[in-house]
Amino acid sequence: MGRLGVDLYPLQTGVGLDRVDTFRKFLGGSPANVAVAAARLGRRTALISRTGADPFGAYLRRELKGFAVDDRWVTEVDAYPTPVTFCALFPPDDFPLYFYRRPQAPDLEIRPHELDLDAIRAARVFWATGTGLSAEPSRTATLEALRARSGREVTVLDLDWRPMFWTDPAAARPYYTEALRHATVAVGNLDECEVATGEREPEAAARALLATGAVRLAVVKQGPAGVLALAADGTRAEVPPLPVEVVNGLGAGDAFGGALVDGLLAGRDLGTVLRRANAAGAIVAGRLACAPAMPDATEIAEALAAGNGTLPEASAAGSGASPGASVPSRGVSPGASVPSHGVSPGASVPGRGVSPDGPAPGRGALPEPG
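Keep in mind the model is a prediction, meaning the values are calculated, not measured. (Residues numbered from 1 in each chain as written. Predicted model: local features only at pLDDT ≥ 70, side-chain atom pairs only at ≥ 80, totals over all residues. Heavy atoms only, no water.)

Engineer: So what's going on with the confidence of the model for the chain? Which residues, and what values?
Structural biologist: When pLDDT is averaged along the chain, the result is 85, and 84% of the positions lie at 70 or above. Note on residues 313-333: pLDDT is under 50 here. Beyond four places in sequence and across chains, it has 58 contacts. This stretch, residues 335-370, has a pLDDT under 50; its non-local contacts, to residues over four places away or in other chains, come to 182 contacts. (pLDDT = per-residue confidence, 0-100. Contact = heavy atoms within 4.5 Å.)

Here is the structure:
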């Protein structure tokens, strides 16, 4: 549930947007990307969001259908244009984002009375994000959807902290606290955990998330140190990142999220879930696109077997190869210092993700049996 827009990625690397001549457009917004990532792994997925009543909105709905994501709950807003987001590419770990979401992003216009609460309750997994809490009416709608999930097994809150989406960042924690009362899985990097709980040390942050009430699994992305997960039953797993030649790190966290969902639905052990999710994130970091780059199960197995997320071109067909974007291999996990487009792959980029507007919303929903 949440953010949906058009990503415009440059076809030149290592130069600022003022010097880029050509761009390629893709479906964007982390909730949409998470839904695509889970669909690529064989799950039936849908997105709750809104677009403008314009050609970009039509493009996004067509793309969702092409990726096998149900778009029945993606509706139009006449008053606002579909948002676009530009990024610059400075691999391996600098991908500044520029959000154009003025005067208001349509995906922040998700209203409580429009929610299909029966579908939300019936979903085997529901995924929402902290950015969905950043403005009304999305805030109330996100909290109502999460409350409707109370008692359901897999309800994920991706903390997804983006300070430029909040008019008053100091006011964010109470909304995170309320949302976490209804989530069974919490996912975030160290910055996001600190905003939500006040704790930054990974073990302490995970325990603070578990102490919020309903949370039974806390996943803490630690940058180059990999990913830590603690479960309420005492199960613990920590895995290192997978090396990859980084092209664009912005979709890594979304790929991680889709693979996390798939692993939880499949009932895999926690270590296996995290290893597969890390591999998915690394694969996408080695490609230009986000949504078209999401790996299938065969590619994840291939990357794990090779011990490297950089797959041969044959495996990356259709993923949007970036000319001249190769850099030395680096261990990239979705908790790495590569900034995220939706699911933050790790730490935020100080002073770089510029938003000329304000708030943004949540993430992808999985409303039907997987």
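There is more to say after this.
Engineer: Just give me the short version of the pairing of strand S3 (residues 45-52), but keep the residues and values in it.
Structural biologist: Of all eight residues that make up S3, eight are buried, and the element is covered over most of its length. Across seven bridges, S3 lies against strand S4 (residues 69-77) in parallel orientation. By the bridge assignment for S4, Ser49 is matched with Val74. For the crossover from S3 across helix H2 (residues 55-66) to S4, the handedness is right-handed. (Buried < 20%, exposed > 50% of the residue type's maximum accessible area, 1.4 Å probe, protein only. Helix = DSSP H or I, 4+ residues; strand = E, 2+ residues; numbered from the N terminus. Pairing = 2+ DSSP bridges. Right-handed = clockwise from strand over helix to strand, strands pointing away.)

Engineer: Provide a residue-level description of unusual backbone geometry, including the pertinent values.
Structural biologist: With an omega of -5°, the peptide bond running from Arg102 to Pro103 counts as cis. Within the secondary structure, Pro103 sits in the loop between strand S6 (97-100) and helix H3 (117-122). Between Glu136 and Pro137 the backbone carries a cis peptide bond, its omega angle lying at 5°. Here Pro137 lies in the loop between strand S7 (125-129) and helix H4 (138-148). In this structure, Ala68 takes a positive phi of about 65° despite not being glycine. Relative to the helices and strands, Ala68 resides in the loop between H2 and S4. A residue is classified by how much of its surface remains accessible, and Ala68, at 52% relative accessible area, is exposed. Phi angles above zero are rare outside glycine, and Asp160 is one such case at about 40°. Mapped onto the secondary structure, Asp160 falls in the loop between strand S8 (154-158) and helix H5 (172-180).

Engineer: Outline the packing of aromatic side chains, supporting the account with residue identities and numerical values.
Structural biologist: Applying the stated criterion across every chain, the model contains seven aromatic pairs. Taking the centre distance of 4.9 Å and the plane angle of 75° together, the rings of Phe99 and Phe165 count as edge-to-face. One end of the pair, Phe99, is in strand S6; the other, Phe165, is in the loop between S8 and H5, and 66 residues separate them in sequence. Each member of the pair, Phe99 as well as Phe165, carries the same accessibility label: buried. Ring geometry for Trp166 versus Tyr176: centroids 6.3 Å apart, planes at 25°, classification stacked. With Trp166 in the loop between S8 and H5 and Tyr176 in helix H5, this pair connects stretches of sequence that are 10 residues apart. On the accessibility criterion, Trp166 (6% relative accessible area) is buried. Judged by relative accessible area, which is 0%, Tyr176 ranks as buried. Of the aromatic side chains, those joined through ring pairs into one cluster are Trp161, Trp166, Tyr175 and Tyr176. Taking NZ or CZ as reference, Arg101 lies 5.5 Å from the ring centre of Phe165, over its face. Across the ring face of Tyr175, the terminal group of Arg139 is positioned such that the distance to the ring centre comes to 4.0 Å. (Phe/Tyr/Trp six-rings, centres within 6.5 Å; stacked < 30°, edge-to-face > 60°. Lys NZ or Arg CZ within 6 Å of the ring centre and 35° of its normal.)

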